[in-house]
Amino acid sequence: MHKLPPIKVSAFQAGLVMGLGAALIQAYFQIIPPPAYGICMVCHPKDLLNWLADHLLGTSWGNVTVSVQAPVLTVVGIVVGALVAAKQHGEFHLEAAREPLYHFITGFCVINFGLVLGSCPIRIIIVAGYGSLIGIVGYACLIVGAVAGSAWLRARARKQIRERIATVQYGEVTSRERPKSAPVESPTFANPKGDEPSPSGKG
Amino acid sequence: MTVPIVTLIFGFVIGYLGQRARLCYIAGYRDFFLVRDTYVLKGMIGTALGAVGGFALFHLLGGNVPGFPMLLDTPGMNLQSAWLFAIVGGLGLGFFATLSGGCPYRNHIMACEGKKTFWVYALGFWIGLVFFNVVTTRFLEMIVQALR
């Protein structure tokens, strides 16, 4: 396969394309109503799923006006586009899942709270840009939530670092092998005589 | 047939650009708050500028931008419950999206880069979508009725 030259895009340029594109497809390609609906990563998956379920399984979950006749395929486009970009630039690598239950639950909560808000973190910027006061309040609350989440992440990371330091100082292996009351030498200081192994077993 | 074709093409473009630029709409706040890194935040500023500029421009050029700027003029919306949903949904979405490592858009792109962590995330996301349609919608309807 002929290799295309690598494409470099800054976040600002990509963001500008997204904002302008969302306005453009609403203004000239009938992606309305509801207004400011060009991109949404929680509503468009919902529209796609509801359209498929209503047409294939006969449910009556319902859809917004724009997605009644034909499905909204933004998600499919994003997945295909990201796959092409990752494959083209050699950034597709299979990596094992870490903390699967945690990520399953956060994904579950994100879609439910996102649909309560009625928009994803991208669309809320576009709705706020459309001038909706409710959108601006929702956006402010999203930022507060994100800052609270960041503080929680920092607290968790600090706790993990403290535990890691404790493991290095007192030694996982030695704590299992020795009773708790036994004195433990610090591995950071070399044994001056050099005739006894250090507690971590590396000396 | 305009809607599926336009959204598919636009989705492809933003998926491609998002993968190249590592754009995320939650990491911007997180990185700025934790390490004062503004690379991703600039992408979000770009989106806001593009959206406001685009809507204003296309409104002037006669495009389909009804009621811009919208302010409180939201047709067919129960305002009391809308405020409540904006506050609760905004706080919850911001918090859980930060814990999950990024916005749904970025996490789907990372799933496409082969990270199985985000395959599990996507599984929770789409199962949560079915749960919303079956359970959460009923609950929200009850709240809307109570506040009417």
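The shown structure was predicted, so the numbers you read here are calculated from the model rather than taken from an experiment.

Reading guide: rules and limits
Residues numbered from 1 in each chain as written. Chains lettered and ligands numbered in written order. Predicted model: local features only at pLDDT ≥ 70, side-chain atom pairs only at ≥ 80, totals over all residues. Heavy atoms only, no water. Helix = DSSP H or I, 4+ residues; strand = E, 2+ residues; numbered from the N terminus. Expected span 1.5 Å × (residues − 1). Buried < 20%, exposed > 50% of the residue type's maximum accessible area, 1.4 Å probe, protein only. Contact = heavy atoms within 4.5 Å. pLDDT = per-residue confidence, 0-100. Buried area = accessible area lost by both parts, 1.4 Å probe. Salt bridge = Lys/Arg side-chain N within 4 Å of Asp/Glu carboxyl O. Polar contact = N/O pair within 3.5 Å; in protein donor to acceptor, adjacent residues only side chain to side chain. Nonpolar A, V, L, I, M, F, W, Y, C, P; charged D, E, K, R; others polar.

A closer look at helix α2 (residues 43-57) of chain A
And then number 1: For α2(A), which comprises 15 residues, the first-to-last C-alpha distance of 20 Å matches the rise-based estimate of 21 Å (1.5 Å per residue) to within 8%.
And then number 2: Every buried residue of α2(A) is listed here: C43(A), H44(A), P45(A), K46(A), D47(A), L48(A), L49(A), N50(A), W51(A) and A53(A).
And then number 3: Buried residues along α2(A) sit against α3 (74-88), α4 (100-117) and α5 (121-129) of chain A together with α6 (116-147) of chain B.
And then number 4: Of the residues one or two after α2(A), G58(A) is the one with positive phi, at around 75°.

Focus on the environment of I124(A)
All names here are of chain A.
And then number 1: Within the secondary structure layout, I124 lies in helix α5.
And then number 2: Taking the C-alpha atoms as reference, I124 lies 32 Å from G90; in sequence the two are 34 residues apart.
And then number 3: For I124, the contacting residues outside a window of four places in its chain are L117, S119, G135, G138, Y139 and L142.

Focus on the confidence of the model for chain B
Residues and elements named next belong to chain B.
And then number 1: Here chain B shows a mean pLDDT of 91. Residues at 70 or above account for 96%.
And then number 2: Looking at the elements of chain B, mean pLDDT is at its lowest for helix α4 (residues 79-100), recorded as 92, and at its highest for helix α5 (residues 104-112), recorded as 95.
And then number 3: This prediction of the complex comes with two scores: 0.85 for pTM and 0.93 for ipTM.

Notes on the interface of chain B and chain A
And then number 1: Across the contact, 102 residues belong to chain B and 108 residues belong to chain A.
And then number 2: For the chain B and chain A pair, buried surface summed over both sides reaches about 9500 Å², with 79% attributable to carbon and sulfur atoms.
And then number 3: The interface formed by chain B and chain A holds 2 salt bridges in total.
And then number 4: R20(B) is the partner of E91(A) in a salt bridge, and the nearest nitrogen-oxygen pair spans 3.4 Å.
And then number 5: Seen at the junction of chain B and chain A, the total is 24 residue pairs in polar contact (both at pLDDT 80 or more).
And then number 6: Elements with a contribution of two residues or more to the side of chain B that touches chain A: α1 (2-21), α2 (27-35), α3 (39-60), α4, α5 and α6 of chain B.
And then number 7: Here the element with the most residues in the side of chain B that touches chain A is α6(B); it accounts for 20 residues.
And then number 8: For the side of chain B that touches chain A, a count of residues per class yields 68 nonpolar, 27 polar and 7 charged.

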